[in-house]
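Here is what each chain is made of, one letter per residue.
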Amino acid sequence: MSRRPTPDRHPAARPDLPDLFPRPPQTVAPGAVHLPDWLGEDRQRELLAACRAWAQPPAGLREVRTRTGTMSARQLSLGWHWYPYGYARTVVDGDGAPVKPFPDWLGEWALAAVAAALPGEPASAEPYDVALVNHYAAGARMGMHRDSDERSRAPVVSFSLGDSCVFRFGNVEGRGRPWTDVTLRSGDAFVFGGPARLAYHGVPRTSPGSGPPALGVRGRLNVTVRASGLTDG
Ligand SMILES: O=C(O)CCC(=O)C(=O)O
Ligand SMILES: [Fe+2]
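Note that the structure is predicted; figures quoted are calculated from it, not measured.

1. Structural notes on the environment of E41
Residue placement: E41 occurs in helix 1 (residues 41-55). C-alpha separation for the pair E41 and S186, spaced 145 residues apart in sequence, amounts to 9.2 Å.

2. Side note on the site of ligand 1
Close to ligand 1 lie L132, N134, M142, D147, S158, F167, L184, H201, V203, N222 and T224, which account for all nearby residues. In terms of residue class, the shell around ligand 1 is made up of five nonpolar, five polar and one charged.

3. Things to note about the UniProt feature "domain: Fe2OG dioxygenase" (unreviewed entry) in the protein chain
Per the UniProt record, "domain: Fe2OG dioxygenase" (unreviewed entry) is annotated on residues 127-229. Within the segment residues 127-229, helix and strand shares are 0% and 44% respectively, and the terminal C-alpha atoms sit 8 Å apart.

4. Some points on helix 2 (residues 104-117)
Given a rise of 1.5 Å per residue, 14 residues ought to cover 20 Å, and the 20 Å separating the end C-alpha atoms of helix 2 matches this to within 8%. Among all positions in helix 2, only L106, W109, A110, A113, V114 and A117 are buried. Looking straight down helix 2, one finds its buried side chains confined to an arc of 135 degrees; they lie on one side. When the buried face of helix 2 is taken as reference, the exposed residues oriented beyond 90 degrees from it are D104, W105, E108 and A115. Where helix 2 is buried, its residues touch strand 2 (32-35), strand 8 (130-136), strand 10 (156-162), strand 13 (189-192) and strand 15 (220-226).

5. Here's the deal with the sheet that holds strand 5 (residues 74-78)
With respect to topology, seven strands assemble into an open sheet ordered 1-2-13-10-15-8-5, the strand pairing being antiparallel. Two strands in the sheet have a free side with no partner beyond their single neighbour: strand 1 (26-29) and strand 5. Averaged over all neighbouring strand pairs, the angle between strand axes comes to 20 degrees, with direction disregarded. As defined by bridge partners, strand 10 adjoins strand 15 across six bridges and the pair is classed as antiparallel. Following the sheet pairing, S158 is matched in strand 15 by T224. Across the sheet, helix 1 touches strand 5, strand 8, strand 10 and strand 15, and the angle it forms with strand 10 is around 95 degrees.

The rules behind each value
Residues numbered from 1 in each chain as written. Chains lettered and ligands numbered in written order. Predicted model: local features only at pLDDT ≥ 70, side-chain atom pairs only at ≥ 80, totals over all residues. Helix = DSSP H or I, 4+ residues; strand = E, 2+ residues; numbered from the N terminus. Near = placed C-beta within 6 Å. Nonpolar A, V, L, I, M, F, W, Y, C, P; charged D, E, K, R; others polar. UniProt positions renumbered as here; feature names shortened; annotations may be inferred. Expected span 1.5 Å × (residues − 1). Buried ≥ 20, exposed ≤ 12 C-beta atoms within 10 Å, placed from the backbone. Arc of directions from axis to C-beta. Contact = placed C-beta atoms within 7 Å. Pairing = 2+ DSSP bridges. Axes fitted to C-alpha atoms, helices over the stretch in contact; angles between N-to-C directions.

So, in structure tokens, the structure goes:
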């Protein structure tokens, strides 16, 4: 009998089931930390209201066409517009509108999450100036990828709202194993920096209808906050 040395699945990776016990912060890999219930109900409502406004055109939620097809999650950007595979100030692969501004408060939320998740990490010289908002309707997913179009290596901070999902956090070598599956629920934050900054990760599935009913999100929203390391001109 041999046991797999590193489990693929965190014991809590059951997005379809409610949690019976509080979930402690968990280091998934060096530099990658899950902060359960990081956003309280007020902040979740605040972020949701902001997402609803950002989702409206111009420069609102759109379908993203990559080299391999159309992403099933719809996306919008703030600060700098991400398109496959770069950043621009306008929606170059959509309606052409200027990207909406990145709000200072979201950068402050990101810095607070980094301070809690990676206490030893020196503050990045580059400011948080980009957010990508993904909306996952039932059945949407995101394949394994790296967030590698930023020049800055400041940690990425993700905030989740609505339906729970399986978030698969892998390694820097490639899309395959080893990986760890973590359940991200409404209000959770996940930080990946340092040696985990360029690790492959993805969302193999969400659990439709599992979000907190009072919040009223249909599907799942995820907001990743990043430092672009870019300057105009
Ligand atoms: O939805 C998520 O939790 C991950 C999103 C993501 O990896 C990305 O936007 O690059
Ligand atoms: Fe990503």
